[in-house]
Amino acid sequence: MHHRLSALCATTLLTLAALAAPAAADTIVTGGNVINQTWTVAGSPYVVQGDVIVPDGAFLTIEAGVVVQAQSNSDSQAAGADTSRVELIVHGTLTIAGAAGNPVTLRSSSTSSGTWYGIVADADADAVTIDHAIVQDARYAIVSYAPGSALDVANVTVTEASTYGLWVRAGSPTVDALTASANSSAGVVVADTASLTLTNSVVRSNGSYGVYFQP
């Protein structure tokens, strides 16, 4: 009996140790060029410390359920449009591939409004596809200078931006099933040479404007 109890105690201790094992460590992304990468749930959350750049001809794919946390009010690269905020800048191809009930979440590590810059589709972007995602806490959640229909947005929530939720500055993208709410200035802004097809969307409770055509 004594041996059986000892064995039982040992098994119990092993089980408790397994239950108490720490979760996998965060994936730290210091910033700089990201070339042909896929960010997976297994590596989530991705803690981004500086501007992430997808160069021309390269791709970054972010899978459903991944959480991306941009370091708050800090940019280790000290570059881009805002040297004190993290930016995700796309020259090549970005595919954010969330799913219904399992979105990709991009937010600040502090969950405070305006503490990272947002997603920037640059003028030479090949393709930026954002599907089933939540983009929050940015200065501008999504900014697009991309030509034509290079930007494709569907089933996306942009919220708690300190300025605009979606800022389209070039091209003629189609945006479907967008929810833009609780952004400090405007939910959606169309500016410069851009045009926008916006369908099946909800734009509400933004600080100054819902949809604004900026001269």
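Structural data are supplied above this passage.
So, here is what we can say about the structure in this document. (Residues numbered from 1 in each chain as written. Predicted model: local features only at pLDDT ≥ 70, side-chain atom pairs only at ≥ 80, totals over all residues. Heavy atoms only, no water.)

### Here we look at the overall build of the protein chain
Scanning the protein chain from terminus to terminus reveals one helix and 20 strands. Buried positions account for 44% of the 215 residues belonging to the protein chain. Sequence-distant contacts in the protein chain: of pairs separated by 6 or more residues, those separated by 24 or more amount to 49%. Carbon and sulfur atoms form 54% of the exposed surface of the protein chain, whose accessible area is close to 9,700 Å². (Helix = DSSP H or I, 4+ residues; strand = E, 2+ residues; numbered from the N terminus. Buried < 20%, exposed > 50% of the residue type's maximum accessible area, 1.4 Å probe, protein only. Contact = heavy atoms within 4.5 Å. Areas by Shrake-Rupley, 256 points an atom, 1.4 Å probe, with all protein chains shown as cover.)

### Examining the packing of aromatic side chains
Tallied over the entire structure, the rule returns six aromatic pairs. Where Y117 meets Y140, the ring centres are 5.5 Å apart and the plane angle is 65 degrees; that geometry is what we call edge-to-face. Residue Y117 is located in the loop between β10 (104-108) and β11 (118-121), and its partner Y140 is located in strand β13 (residues 140-144); the two are separated by 23 residues in the primary sequence. For Y140, a relative accessible area of 10% gives the class buried. With centroids separated by 4.4 Å and ring planes inclined at 15 degrees, the aromatic side chains of Y209 and Y212 adopt a geometry described as stacked. (Phe/Tyr/Trp six-rings, centres within 6.5 Å; stacked < 30°, edge-to-face > 60°.)

### Remarks on the sheet that holds strand β8 (residues 87-90)
Pairing between the strands of a sheet is mediated by backbone hydrogen bonds and can be parallel or antiparallel. Here eight strands make up an open sheet; going across it, the order is β2-β5-β8-β11-β13-β15-β17-β20 and the pairing parallel. Strands at the two margins of the open sheet, each flanked by one partner only, are β2 (32-33) and β20 (209-214). In terms of strand pairing, β13 meets strand β15 (residues 164-168) through four bridges, oriented parallel. Opposite I142, over in β15, you have L166 as the bridge partner. (Pairing = 2+ DSSP bridges.)

### Comments concerning the pairing of β8
What you see with β8 is no split at all: E87 and I89 on one side and L88 and V90 on the other are buried throughout. For strand β5 (residues 52-54) and β8, the ladder comprises three bridges, and the chain directions are parallel. Along β8, the bridge assignment pairs I53 with I89.

### Observations concerning the side chain of D51
Within the secondary structure layout, D51 lies in the loop between β4 (46-48) and β5. Setting aside anything within four residues of it in sequence, one finds D51 in contact with G31, G32, D75, Q77, A79, G80, R85, V86 and E87.

Distances and angles like these do not, on their own, reveal function.
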